[in-house]
Amino acid sequence: MTGFDIHFQALESCRTAVSKAWGQYESLHGGLPETPGTRAASFGHVDGAAALAAAVDAAYSALTAETADARTKLKGVERALESVQDNVRTAHKATSTSMQV
């Protein structure tokens, strides 16, 4: 496996980086409440306070949806890289064994 070690290390480095990024999104998402429930009164007695509160809630919903989507995609990339590593190792082992016969 000497020739393949550098490739395995590269795959492992990528997988580790993706896992770290996924963990950061996971910790961000875990610290966010489901909905902010922004109240118009938070903005005082200004015209359009209700619309501003609704806009804050809409932006917050978009943020939580995007972070959830990013977490899901990063976790999928991590699983795919792990699968590639396993497949390459299996193929290398199979060809190494057949060449020794």
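Our structure's up above, just so we're on the same page.
Residues numbered from 1 in each chain as written. Predicted model: local features only at pLDDT ≥ 70, side-chain atom pairs only at ≥ 80, totals over all residues. Heavy atoms only, no water.

Along its length, the protein carries two helices and zero strands. The buried share of the protein, reckoned over its 101 residues, is 16%. Long-range contacts, defined here as pairs at least 24 residues apart, represent 74% of the contacts in the protein between residues at least 6 apart. When the accessible surface of the protein is split by element, carbon and sulfur atoms take 61% of a total near 7100 Å². (Helix = DSSP H or I, 4+ residues; strand = E, 2+ residues; numbered from the N terminus. Buried < 20%, exposed > 50% of the residue type's maximum accessible area, 1.4 Å probe, protein only. Contact = heavy atoms within 4.5 Å. Areas by Shrake-Rupley, 256 points an atom, 1.4 Å probe, with all protein chains shown as cover.)

So, on to the packing of aromatic side chains. This structure, assessed with the given rule, holds zero aromatic pairs. Here the basic side chain of lysine 75 rests over the ring of tryptophan 22, its NZ or CZ set 4.4 Å away from the ring centre. (Phe/Tyr/Trp six-rings, centres within 6.5 Å; stacked < 30°, edge-to-face > 60°. Lys NZ or Arg CZ within 6 Å of the ring centre and 35° of its normal.)

This brings us to the pattern of salt bridges. Per the stated rule, a full pass over the model turns up four salt bridges. The shortest N-O distance in the salt bridge between glutamate 12 and arginine 15 comes to 2.9 Å. Taken together, the residues span about one helical turn, with glutamate 12 and arginine 15 both in helix α1 (residues 5-30) at a distance of three residues. One salt bridge connects glutamate 78 with lysine 75, and the closest N-O pair in it is separated by 3.2 Å. Residue glutamate 78 and its partner lysine 75 are both found in helix α2 (residues 49-100); the two are separated by three residues, about one turn of the helix. (Salt bridge = Lys/Arg side-chain N within 4 Å of Asp/Glu carboxyl O.)

Among the structural elements, glutamine 85 can be located in helix α2. Residue glutamine 85 is classed as buried on the basis of its relative accessible area, which comes to 4%. Between the alpha carbons of glutamine 85 and leucine 11 there is a distance of 6.8 Å; along the sequence they are 74 residues apart. With residues near it in sequence (within four places) discarded, glutamine 85 still touches Phe8, Leu11, Glu12 and Arg15.

Taking relative accessible area as the criterion, glutamate 78 reaches 9% and is therefore assigned buried. A distance of 3.4 Å separates a polar atom in the side chain of glutamate 78 from a polar atom in the side chain of arginine 15. Within the structure, glutamate 78 has its side chain in polar contact with the side chain of lysine 75 (distance 3.2 Å). Look past the residues within four positions of glutamate 78 in its chain and what remains in contact with it is Arg15, Val18 and Ser19. (Polar contact = N/O pair within 3.5 Å; in protein donor to acceptor, adjacent residues only side chain to side chain.)

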